[in-house]
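Next come the chains, spelled out residue by residue.
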Amino acid sequence: MLRLLWRLVSPPPPVEGSPLVRRAAGAGHFLLYGLMLSVMVAGYLISTADGVAIDVFGWFKVPATLSGLPDQADTAGKIHLWFAWTLIVLAGLHVVAALKHHFVDRDGTLVRMLGRVHTPS
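Note that the structure is predicted; figures quoted are calculated from it, not measured.

The rules behind the values
- Every chain is numbered independently, its residues counted from 1 as its sequence is written.
- In view of the model being predicted, local features appear only for residues whose pLDDT reaches at least 70, and side-chain atom pairs are presented and counted only at 80 or more, with totals across whole chains, interfaces and linings using the full set of residues.
- Neither water nor hydrogens contribute to the side-chain values; these are computed over all heavy atoms in the structure.
- Under the DSSP-based scheme used, a helix requires at least four consecutive residues in state H or I and a strand at least two consecutive residues in state E, with every element numbered from the N terminus.
- When accessible area is computed with a 1.4 Å probe and restricted to protein chains, residues below 20% of their type maximum are described as buried, those above 50% as exposed, and intermediate ones as partly exposed.
- Any pair of N or O atoms that falls within 3.5 Å is considered a polar contact. Within protein, one atom must be able to donate a hydrogen and the other to accept it, and sequence-neighbouring residues count only if both atoms are side-chain atoms.
- Surface patches are drawn from residues lacking salt bridges whose relative accessible area is over 30%; two like charges belong together within 9 Å, two nonpolar side chains (Val, Leu, Ile, Met, Phe, Trp, Tyr) within 5 Å.
- Calculation of accessible area relied on Shrake-Rupley with a 1.4 Å probe; when residues are assessed, cover is drawn exclusively from the protein chains displayed.
- Any carboxyl oxygen of Asp or Glu that lies within 4 Å of a side-chain nitrogen of Lys or Arg is treated as forming a salt bridge with it.

Quick look at the side chain of Thr 109
At step 1: Its place among the elements puts Thr 109 in helix α4 (residues 109–113).
At step 2: A residue is classified by how much of its surface remains accessible, and Thr 109, at 13% relative accessible area, is buried.
At step 3: A distance of 3.1 Å separates polar atoms of two side chains, one belonging to Thr 109 and the other to Asp 107.

A look at a nonpolar patch on the surface
At step 1: Judged by side-chain polarity, Ile 79, Leu 81, Trp 82, Phe 83, Trp 85 and Ile 88 come together as a nonpolar surface patch covering roughly 670 Å² of accessible area.
At step 2: By the secondary structure assignment, Trp 85 is in helix α3 (residues 72–105).

Some thoughts on the pattern of salt bridges
At step 1: All told, the structure shown has one salt bridge when counted by the stated rule.
At step 2: Where Lys 100 meets Asp 105, a salt bridge forms, and the shortest distance between an N and an O atom there is 2.7 Å.
At step 3: Judged by its relative accessible area of 35%, Asp 105 is partly exposed.

Spelled out as structure tokens, the structure:
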């Protein structure tokens, strides 16, 4: 949730490259955020399957608003597992793509991702 809030407060710089690269970057980011939310929702459904609220460090409780569905914990657990692994693989591909831009293409993508201004050499 904090990452989503940061994205709203601090939008990323525009993607450089061909229309195909820009579409791929947009699709990749959409999938990363979608998977982050999906993993979180599936985890919530696992944790609240028995109808008990989630205690967050003793600060507050997240109520169990949806519980008691048939095989809820097992089904949500399978979804959670597959989405989490997909998120890990996609994040790894994101790292590889950033390194490719930096070391092969020698453009400013990685530098801009780190919040710095790229000055072409």
